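Reading the structure
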Amino acid sequence: MPTTDVVAYCPGSFDPITYGHLDIIERAAKLFGTVIVAVATDAQKDHLFSTDERVALCREVCAHLPNVIVQPFAGLLVEAAHASGATVIIKGLRQPVDLSHEGPMAAMNHSLRPEIETMFLLASPAYTYVSSSLIKWVCGMGGDISAHVPAVVGQRLREKLGA
Ligand code: ADP
């Protein structure tokens, strides 16, 4: 049974959303009453897809999950999560290197807003090597990414990359 009154925040670039992201979102949606997929609008980062495109793709891919909401966010993660009513931040861990980035971030976020807990879900074995950047590279080189991203994402990626 999900913890119905808890709102969980799943932040990321989602450039674009992969089956690895979706796996984490689906698992979080079983645990928590509401899951907010929070798409970072970070202007510093060089995204392939615009914020609107990333949000739209996340919405399409998560359409089967009634307790999942997709929204863009800017600024400090803990403040955006708090403003949305979230008390949990969910992150996926693929490899030990993810923890070396995420650990200090979780500690800093805890110091900023101790009432918000960061929780980590281990990537499912099938997705431990899946990242948006690797998918873009493989797709750009004409490789088959159908096992790693939903069909609609593969289609938009090929259009974008002219692959
Ligand atoms: P990426 O690191 O692929 O560019 P994001 O910045 O969009 O992805 O990551 C958003 C969140 O999703 C992070 O917590 C990241 O660790 C997690 N994540 C990304 N890909 C996977 C995957 N294949 N399996 C589990 N978690 C993942």
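Here's what I pulled together on the structure shown here. Since the model is a prediction, treat every value here as computed from it, not as a measurement.

**Quick look at helix 4 (residues 96-112)**
An α-helical turn contains 3.6 residues, so a residue and the one three or four places further along point in the same direction. With 17 residues, helix 4 extends 25 Å between its outermost C-alpha atoms, agreeing within 8% with the 24 Å of an ideal straight helix rising 1.5 Å per residue. At E102, helix 4 shows its maximal kink, close to 30°; a proline, P104, follows between one and four residues later. Along helix 4, the residues that are buried comprise D98, E102, A106 and N109.

**Quick look at the pattern of salt bridges**
Going through the model one piece at a time under the given rule, you end up with eight salt bridges. In this structure, D23 and R27 form a salt bridge, with 3.0 Å as the shortest nitrogen-oxygen distance. Remark: R27 and D23 occur in helix 1 (residues 19-31); sequence separation between them is four residues, near one turn of the helix. Here D23 falls in the buried class, since its relative accessible area comes to 14%. Given the relative accessible area of 26%, R27 is considered partly exposed. A single network of salt bridges, built from pairs that share partners, joins E79, R113 and E115.

How each quantity is defined
Residues numbered from 1 in each chain as written. Predicted model: local features only at pLDDT ≥ 70, side-chain atom pairs only at ≥ 80, totals over all residues. Heavy atoms only, no water. Helix = DSSP H or I, 4+ residues; strand = E, 2+ residues; numbered from the N terminus. Expected span 1.5 Å × (residues − 1). Bend = angle between axes of the 7 residues up to and from the residue. Buried < 20%, exposed > 50% of the residue type's maximum accessible area, 1.4 Å probe, protein only. Salt bridge = Lys/Arg side-chain N within 4 Å of Asp/Glu carboxyl O.

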